[in-house]
Amino acid sequence: MTTDRTVTGPIDGGGTAPIVSDIAIVGGGLAGSLAAAVLARAGHRVALVDKRAVYPDEFRVEKIGGHQLQLLRKLGFLSALDGVACRYQRVLNIREGKVVDVSVGQAYGFPYADLVAMARSQIPDPSNLIVDEVTAISSSDDVQHLELASGRCVTARLVVLATGMAAVLGHKLGIRRRVLAERHSVSFGFTIARKDGRPFDFEALTCYGERTADGIDYLSLFPVRAGMRANLFMFRDPTDPIMRELRREPEATVLRLLPGLQSYLGDFRVTDRVQNWVMDLTVVEGHLQPGVVLIGDAFQTNCPAAGTGVARLLVDVDRLCTEYVPRWLMTAGMGREKISQFYSDRDKIAADQQSLKMARFRQALTSRNDIGWDVRRRLHFLRRSLAHRVDQMNPGWLERVRGALRA
């Protein structure tokens with residue numbers, strides 16, 4: 001059984017007749033929009049359902065680099081990313097006002113809403129996006145039914161839940177979230193500029209926390225079109241008064257927490273609203289359902305400081321949309337035995353486990369003050385500093401070693 005006969009043109013979002021698709025994707029953020037684009041470009045009939053025609057300005061993913069770019073290139077989105085993001089190559093890494101090392105490698109900074117818009121722009125037919133809200137899902141081993149707030153209905157062989165941390169629809173299906181670490185981390189996002197209007201003396205900069213009592217992992221500064229974006233990652237009680245101070249007096253509070261920054265920033269000001277996000281580490285249970293699969297944060301959340309969320313999301317999209325969905329649609333049925341193949345995928349499991357491992361490591365490296373972690377923290381930065389000094393004396397040495405290790 002193939003899907004060719006169902007790929008007969010754009011989805012008709014009007015009227016009362018059921019909207020028929022191969023795959024219905026619920027949630028039009030980054031995960032859902034990327035999945036919709038990959039599947040639609042492969043010729044599958046896709047219904048992407050989201051209540052927003054234009055995704056709002058939210059503080060989520062704001063930079064991409066390293067292995068994440070390799071996955072975006074594999075999925076065919078890298079050239080489109082160039083059109084909406086600011087590219088940068090060098091990150092100056094400092095701690096206590098001193099240079100730790102310099103990271104070199106292609107990376108991009110952007111507003112999250114622009115990244116989502118880029119992903120949606122890669123969907124061949126704009127009518128694949130249905131601006132509505134899913135109120136209920138009925139799943140089976142064959143056909144899935146989605147009820148929309150407008151009274152319309154969508155039928156599909158497979159439903160992909162890309163709803164992030166919104167758990168209402170999953171809850172109705174018997175899917176539950178298990179909390180691994182409540183209020184695990186707090187993130188802040190804002191944009192800065194020098195008061196004299198001059199550019200900063202660095203392309204991008206990372207400043208690591210100086211005292212475990214402050215609970216600061218690092219402040220990341222990187223270019224976006226609106227200026228120099230700041231992402232501050234902390235492991236601290238979100239009810240602590242310091243959170244209110246960061247929102248009300250961000251300039252003074254940041255310099256008080258990271259005094260070594262002053263000489264690098266000079267006189268600066270915050271140019272927009274300070275946004276913040278409190279993250280729980282969670283994973284779902286009861287998710288093995290016929291006809292329904294969860295991706296991205298809908299399946300497992302991550303620690304923003306660890307920087308593994310986008311990579312994990314992209315692995316989900318890659319494995320589900322290029323490996324499993326095309327194979328599933330070639331035969332009848334959409335039972336649990338098919339869905340379990342995705343959740344058992346080796347690459348997916350490895351990405352999920354690495355995300356949790358790095359979340360716990362970043363928290364311990366930042367906040368643990370016992371002698372074991374104090375020694376580990378000192379060695380961590382010492383190794384980086386020594387490697388940087390050797391590389392300065394023998395340029396290219398570090399990259400050659402890394403290349404040899406990868407070989």
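Residues numbered from 1 in each chain as written. Predicted model: local features only at pLDDT ≥ 70, side-chain atom pairs only at ≥ 80, totals over all residues. Heavy atoms only, no water.

1. Observations regarding unusual backbone geometry
For residues that are not glycine, phi is negative in most cases, and the peptide bond is trans in most cases. Located in the positive-phi region is E96, a residue other than glycine, with phi close to 55°. Locating E96 in the fold gives a position in the loop between strand 4 (86–95) and strand 5 (98–109). A positive phi angle, close to 50°, is found at R183, a residue other than glycine. Along the polypeptide, R183 turns up in strand 10 (residues 176–194). (Helix = DSSP H or I, 4+ residues; strand = E, 2+ residues; numbered from the N terminus.)

2. Describing the pairing of strand 1 (residues 19–26)
Consecutive side chains along a regular strand alternate between the two faces of the sheet. The element strand 1 is extensively covered by neighbouring structure, given that seven of its eight residues are classed as buried. Alignment of strand 1 against strand 9 (residues 153–161), held across seven bridges, turns out to be parallel. Bridging across to strand 9, S21 finds its partner in A156. Following the backbone out of strand 1, through helix 1 (residues 30–41) and into the adjacent parallel strand 2 (residues 46–50), one traces a crossover that is right-handed. (Buried < 20%, exposed > 50% of the residue type's maximum accessible area, 1.4 Å probe, protein only. Pairing = 2+ DSSP bridges. Right-handed = clockwise from strand over helix to strand, strands pointing away.)

3. Here we look at the pairing of strand 13 (residues 227–234)
Of all eight residues making up strand 13, seven are buried, and the element is well covered by its neighbours. As judged from the seven bridges shared by strand 10 and strand 13, these two strands associate in the antiparallel manner. Opposite S187, over in strand 13, you have F233 as the bridge partner. For strand 12 (residues 216–224) and strand 13, the ladder comprises eight bridges, and the chain directions are antiparallel. From the neighbouring strand, P223 faces strand 13, where its bridge partner is M228. Taking the residues between adjacent antiparallel strands as the criterion, strand 12 and strand 13 are bridged by two residues.

4. Some thoughts on the packing of helix 11 (residues 346–367) against helix 12 (residues 371–393)
In contact at an axis separation of 8 Å, helix 11 and helix 12 are set at 100° when each is read in the N-to-C sense. Taken as axis vectors, helix 11 and helix 12 run roughly perpendicular relative to one another. Residues F361, A364, L365 and T366 of helix 11 touch helix 12, and the partners they reach there are W373, R376, R377 and H380. For the contact of helix 11 with helix 12, the per-class residue count stands at four nonpolar, two polar and two charged. (Axes fitted to C-alpha atoms, helices over the stretch in contact; angles between N-to-C directions. Parallel < 35°, antiparallel > 145°, perpendicular 65-115°, else oblique. Contact = heavy atoms within 4.5 Å. Nonpolar A, V, L, I, M, F, W, Y, C, P; charged D, E, K, R; others polar.)

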